[in-house]
Amino acid sequence: MDSKLRVLIADDHPIFREGLVKTLERHDSIAIVGQAVNGMEALEKIRALIPDIAVLDVEMPGMNGIDVARAAYKEALLTSLIFLTMYKDPTYFNAALDLGVRGYLLKDSVIEDLVKCLTAVSDGQYYISPSMSHLLIERKKRSAALLNTVPALSLLTPAERTVLKLLADNLTSREIAEKLFVTPRTVENHRLHMSQKLEIKGHNKLLEFALKHRPEL
């Protein structure tokens with residue numbers, strides 16, 4: 001059985017993309033199973049090839065990396081995602097992590113960091129370029145601040161926190177149920193229990209809370 005890590009590379013700059021491919025091809029444990037030049041092609045190949053990991057440029061024509069990650073997240077695709085970017089943009093960074101992206105690398109250090117990142121992500125870990133660690137620290141500070149403001153969040157079960165995060169993506173109960181392989185009634189029960197624990201009353205008030213605090217959840 002082939003135990004190589006199956007990787008898809010998506011970047012609209014051919015010279016940069018080929019450089020990544022050549023770098024990874026030197027490693028016997030990694031197999032490049034496909035390449036893409038834009039976000040739509042990347043999503044189509046992720047669906048068709050089901051690579052272990054897809055390495056995506058954040059800025060691509062048509063669908064950007066965030067669009068691809070959002071579609072992959074909604075469809076519950078099994079491929080782990082790694083983002084490449086030239087900018088230390090906290091908006092993209094937080095959006096990526098909210099969508100389950102496992103790696104986030106700056107392009108100026110990608111040659112040194114990519115294999116380490118692939119290894120970490122394949123082991124179920126996260127990997128972020130060291131020079132971007134301050135964004136992760138800021139994200140954790142915001143989460144801690146929200147917990148301090150709304151201490152009842154600590155009363156939520158892991159399943160309830162998962163549902164709350166999916167609500168923050170503006171998904172319906174039916175869509176959440178499909179993603180979590182549970183019934184819509186189960187999701188509705190979670191929503192009821194969360195509203196009680198957080199003392200949130202009123203139609204759609206829990207959704208408003210989730211949307212308002214999406215970056216901190």
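Just above, that's the structure.
Since we're looking at a predicted model, the values are computed, not measured.

Undergrad: Tell me about helix α7 (residues 158-168), and name the residues and values.
TA: For α7, the complete set of buried residues consists of Glu160, Val163, Leu164, Leu166, Leu167 and Ala168. Check the buried side of α7 and you find it contacts α3 (65-74), α8 (173-180), α9 (184-198) and α10 (205-212). The first or second residue beyond α7 is Asn170, which carries a positive phi of 65 degrees.

Undergrad: I'd like a rundown of the sheet that holds strand β1 (residues 5-10), residues and numbers included.
TA: Strands in a sheet are paired, the pairing made by backbone hydrogen bonds, and the direction either parallel or antiparallel. Overall, parallel pairing links the six strands, which are arranged β2-β1-β3-β4-β5-β6 in an open sheet. Here the strands that pair on one side only, and so sit at the sheet edges, are β2 (30-36) and β6 (127-128). The pairing of strand β4 (residues 80-85) with strand β5 (residues 103-106) spans four bridges and is classified as parallel. Counted as the bridge partner of Thr85 is Leu106 from β5. In the packing of helix α1 (residues 14-25) onto the sheet, contacts are made with β1, β2 and β4, and the angle to β2 comes to roughly 165 degrees. Here α3 sits on the sheet and contacts β3 (53-57) and β4; the angle it forms with β4, its principal contact strand, is near 170 degrees.

Undergrad: Which residues make up the packing of aromatic side chains, and what are the values?
TA: Summed over the entire model, instances satisfying the criterion amount to two aromatic pairs. Ring geometry for Phe83 against Tyr104: centres 6.1 Å apart, planes inclined by 50 degrees, an arrangement best described as tilted. Of this pair, Phe83 sits in strand β4 while Tyr104 sits in strand β5, placing them 21 residues apart in sequence. Judged by relative accessible area, Phe83 falls into the buried class, the value being 0%. Ring geometry for Phe93 against Tyr104: centres 5.2 Å apart, planes inclined by 80 degrees, an arrangement best described as edge-to-face. A residue pair is termed long-range when its members are at least 10 positions apart, and Phe93 in helix α4 (residues 90-98) and Tyr104 in strand β5 qualify at 11 residues. Assigned by exposure class, Phe93 and Tyr104 land together as buried.

Undergrad: Would you mind going over the packing of α9 against α10 in detail, with residue names and values included?
TA: Two numbers describe how α9 lies on α10: the axes approach to 10 Å, and their chain directions differ by 75 degrees. One element, α9, and the other, α10, form an angle in the roughly perpendicular class. The segment α9 lies against α10, with Arg191, Met194, Ser195 and Leu198 engaging Leu206, Leu207 and Phe209. Counted by class, the contact of α9 with α10 contains five nonpolar, one polar and one charged residues.

Undergrad: Explain the environment of Ile53 to me, using residue names and the numbers behind them.
TA: Locating Ile53 in the fold gives a position in strand β3. Taking the relative accessible area as the measure of exposure, Ile53 reaches 1% and is therefore buried. Taking C-alpha positions, Ile53 is 9.9 Å from Ile32, a pair spaced 21 residues apart along the chain. Not counting the four nearest positions on each side in its chain, Ile53 is found in contact with Leu5, Arg6, Val7, Leu8, Thr79, Ser80, Ile82, Leu118, Val121 and Ser122.

Undergrad: Go over the side chain of Glu160, please, and point to the residues and values.
TA: Here Glu160 shows up in helix α7. A relative accessible area of 4% means that Glu160 is categorised as buried. Side-chain polar atoms of Glu160 contact the side chain of Lys197, separated by 2.8 Å. Excluding its chain neighbours within four sequence positions, the residues that come into contact with Glu160 are Leu155, His190, His193, Met194 and Lys197.

Undergrad: Lay out the pairing of β5 with the relevant residues and their values.
TA: Going residue by residue along β5, you find Gly103 and Leu105 tucked away on one face and Tyr104 and Leu106 tucked away on the opposite face as well. In terms of handedness, the path from β4 via α4 over to β5 forms a crossover that is right-handed. Two strands pair when backbone bridges link them, and β5 and β6 are joined in this way by two bridges, in the parallel orientation. Within β6, the position partnered with Gly103 by the bridge is Tyr127.

What counts, and at which threshold
- Residues numbered from 1 in each chain as written.
- Predicted model: local features only at pLDDT ≥ 70, side-chain atom pairs only at ≥ 80, totals over all residues.
- Heavy atoms only, no water.
- Buried < 20%, exposed > 50% of the residue type's maximum accessible area, 1.4 Å probe, protein only.
- Helix = DSSP H or I, 4+ residues; strand = E, 2+ residues; numbered from the N terminus.
- Contact = heavy atoms within 4.5 Å.
- Pairing = 2+ DSSP bridges.
- Axes fitted to C-alpha atoms, helices over the stretch in contact; angles between N-to-C directions.
- Phe/Tyr/Trp six-rings, centres within 6.5 Å; stacked < 30°, edge-to-face > 60°.
- Parallel < 35°, antiparallel > 145°, perpendicular 65-115°, else oblique.
- Nonpolar A, V, L, I, M, F, W, Y, C, P; charged D, E, K, R; others polar.
- Polar contact = N/O pair within 3.5 Å; in protein donor to acceptor, adjacent residues only side chain to side chain.
- Right-handed = clockwise from strand over helix to strand, strands pointing away.

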